[in-house]
Structures are given as structure tokens and as C-alpha cells.
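These are the residues of each chain, in order.
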Amino acid sequence: MEIINAIILGIIQGLTEFLPVSSSGHIELGKAILGVEVKGEDNMLMTVVLHFATALSTIVIFRKDILDLLKGIFQFQWNEESKFAVKVIISMIPAVLVGVFFEDQLEALFKGNIVLVGFMLIITAVLLYFADKAKNTDKNVSYKNSIVIGIAQAIAMLPGISRSGATISTSVLLGNDKTKAARFSFLMVVPLIFGKIAKDIFSGKITFDNDQIIPLSAGFLAAFIAGLFACTWMINLVKKSKLTYFSIYCLIVGLIAIGYVGFQKYF
């Protein structure tokens, strides 16, 4: 992969991992527009590198929250930190089950299926619209909420469904505080990302060539820096109820994606 393409894909991943517009969907659209074909082991390696970059940016932004959470957990008491950790674990269950039992079916969807991405972006647009209209509260995420949010996260494994958009929207529609919903959404995915990275690394399917060092490093840095910006920005946007803008964006991009494929097919 050329360095410039790696940087562009890194920026796309970093921005769209946190902004509610679907990172997987935009990566597929980005590859199609750039004419980049990354297959097999190379695709898995690039995915691992870019996701590690965004996970690291999450840790940097929420470093205080994570440190407080770890301190509370290692007190070995049933405190607020332990309760939050249990909720995160509960939220991970649906995505883990889908990843374990339907991995091959999911991977088959990430092969330039632009029409699917378009329709899923439209669904994301609808979710964001209704979430933005919901009234804000001071309610915390409950145990029951965490499993429902986890199901939303599992569904968001489809290309075109925004993970952050689906989880934050679901949480807000369940009546939770918008800022707390965003915090929970970003923190709940970190263990999943590192778990997926570890699984891919130990699968033995990833191969590495010295020629890939520069483009992979460029992509990593681009994703990390863009992720720092997008994560901070997204928290403020959710707090100020400005998700409608992203709803309109997802709707437009989804329709363009579907129209683009239709134009190519018939003209």
C-alpha cells in the first residue's frame, strides 16, 4: 500500500471510529474511492494497526477515568468502579458471541459491499436523528441498559452501522445522560478492541513484511492523531445535542453510495 493511501485510511479510521458515521463503512468506501485492494493477511494486519491506534487514543483521552476505574477495582470492594466494570463486561457479551460464532459471515460482508454500507448508513442516520431529539437526563447506565447497549454494539459490527452512533443513540433513547452515554460507549469498546487484536495476532494468520513498516506506521500515526481529535470533539457534540448534523451526513453518504453502485451497474 502506498504511504499516502495508508495515511488517508488512517485519518478515516481515526475520525470515524469516534464520530457516529461508521468507521468500517467509511473504510470500505475509502478503499473503493482510492482503488485500494487490501486482502487476506495484509487487510487483517492493517485493521489491527489502525484499531490499536484508535484504542490508544481512547486510553489517552480517558486516562484519568481508566486510572480511577482500575484503582477502584483493585480495592476489591463492591464500589462504583466495580459496578461500572461489570456493566462493561455485560455489554461485551453480545459482540463476543457474534465475533466467535459468526466471524466468517461478518468478514464476507467487508469485501466492497457498497450497497449494504449505504443502507446501513441510512439506518445509522435514523438512529442519530431520534437520539438527538431525546431529552437529556442525569440517569446512569443500568445493568439492564448495558446488555441492550451491548446488543446495539454487536449489530454495529455490520459495515455501515456506526458503533459509537448505535451505542450512544441506544443509551440516550433508554433515557441515560448524554455525556455518560458517550463515556460508556467509548470505554466499553476498549477491551473488545484489545481482545480482537490479541485474537488476530495469535491466530497465526497475520504476516509481516519489512516493506510494510513505513505505510503501517504512517497509517497508525494518522489514526491516532485523528482519533484524539475526534474523541474529544464527539463528547462535546453529544453533550450539545448536535448529532442531527451527522444524521444528515450519514443519510447523504448512504444515498450517494447506493446511487453510485446503481449508476455503475446500469450506465
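Residue positions are counted from 1 within each chain, in the order its sequence is given. The model is predicted, so local features are restricted to residues of pLDDT at least 70 and side-chain atom pairs to those at 80 or more, both for listing and for counting; the totals for chains, interfaces and linings are taken over all residues. Calculated side-chain values reflect all of the structure's heavy atoms, with hydrogen atoms and water omitted.

**Q** Would you mind showing me how to read the packing of aromatic side chains here?
**A** Any aromatic ring pair is given by two values, namely how distant the centres are and how the planes are angled relative to each other. Two rings from Phe, Tyr or Trp (for Trp, the six-membered ring) form a pair when their centres are within 6.5 Å of each other. A pair whose planes differ by under 30 degrees is stacked, one over 60 is edge-to-face, and the rest are tilted. Applying the stated criterion across every chain, the model contains ten aromatic pairs. Measuring from centroid to centroid gives 6.1 Å for Phe62 and Phe186, while their planes differ by 50°, and the two rings are tilted. With Phe62 in the loop between α3 (40-61) and α4 (63-73) and Phe186 in helix α10 (residues 178-202), the pair connects residues that are 124 residues apart, well separated along the chain. The residues Phe62 and Phe186 share a single accessibility class, namely buried. Each ring, one from Phe74 and one from Phe76, has its centre 6.0 Å from the other, and the planes form 85°; the classification is edge-to-face. Neither Phe74 nor Phe76 differs from the other in exposure class; each is exposed. Each helix is a run of DSSP H or I of at least 4 residues and each strand a run of E of at least 2, with the numbering of both proceeding from the N terminus. Using a 1.4 Å probe on the protein chains alone, a residue whose accessible area is under 20% of its type maximum counts as buried, one over 50% counts as exposed, and one in between counts as partly exposed.

**Q** Mind showing me how you'd approach the side chain of Ser169 here?
**A** By the secondary structure assignment, Ser169 is in helix α9 (residues 163-173). Non-local contacts of Ser169, meaning those with residues more than four positions away in its chain, are made with Leu127, Leu128, Ala131 and Ser164. Any pair of residues with heavy atoms lying within 4.5 Å of one another is described as a contacting pair.

**Q** Looking at this model, I keep getting lost on the nonpolar core. Mind explaining?
**A** Across soluble globular proteins, nonpolar side chains have a tendency to be buried as a group. In terms of nonpolar packing, the biggest core is built from 40 residues, with Leu29, Ile168, Phe184, Phe186 and Met234 touching the most fellow members. Elements with a contribution of two residues or more to this core: α5 (80-101), α7 (114-133), α8 (143-155), α9, α10, α11 (213-239) and α12 (244-266). When residues of this core are assigned to their parent elements, the largest contribution, seven residues, is made by α10. In this structure, Leu45, Ala53, Leu216 and Phe220 belong to the second largest nonpolar core, which totals ten residues. The definition of a nonpolar core used throughout is a set of buried Ala, Val, Leu, Ile, Met, Phe, Trp, Tyr and Cys residues joined through side-chain atoms within 4.5 Å.

**Q** Looking at this model, I keep getting lost on the packing of α10 against α11. Mind explaining?
**A** Helix packing geometry: the angle between the two helix axes and the distance between the axes. Axis geometry follows a simple rule: fit a line to the C-alpha atoms, using only the stretch in contact for helices, then measure angles between N-to-C directions, giving values from 0 to 180 degrees. Between α10 and α11, the least distance of the axes is 8 Å, while the angle of their chain directions is 150°. Here α10 is positioned roughly antiparallel relative to α11, judged by the angle of their axes. The interaxial crossing formed by α10 with α11 has right-handed handedness. Every residue of α11 that contacts α10 at Lys178, Thr179, Ala182 and Phe186 is listed here: Cys231, Met234, Ile235, Val238 and Lys239. Of the residues contributing to the contact of α10 with α11, the split by class is six nonpolar, one polar and two charged. In what follows, roughly perpendicular refers to angles from 65 to 115 degrees, roughly parallel to angles under 35, roughly antiparallel to angles over 145, and oblique to any angle outside these ranges. The crossing is said to be left-handed when, going from far helix to near helix, the turn is anticlockwise and less than a right angle, and right-handed when the turn is clockwise. In this count, Pro and Cys sit with the nonpolar residues alongside Ala, Val, Leu, Ile, Met, Phe, Trp and Tyr, while Asp, Glu, Lys and Arg are called charged and the others, Gly among them, polar.

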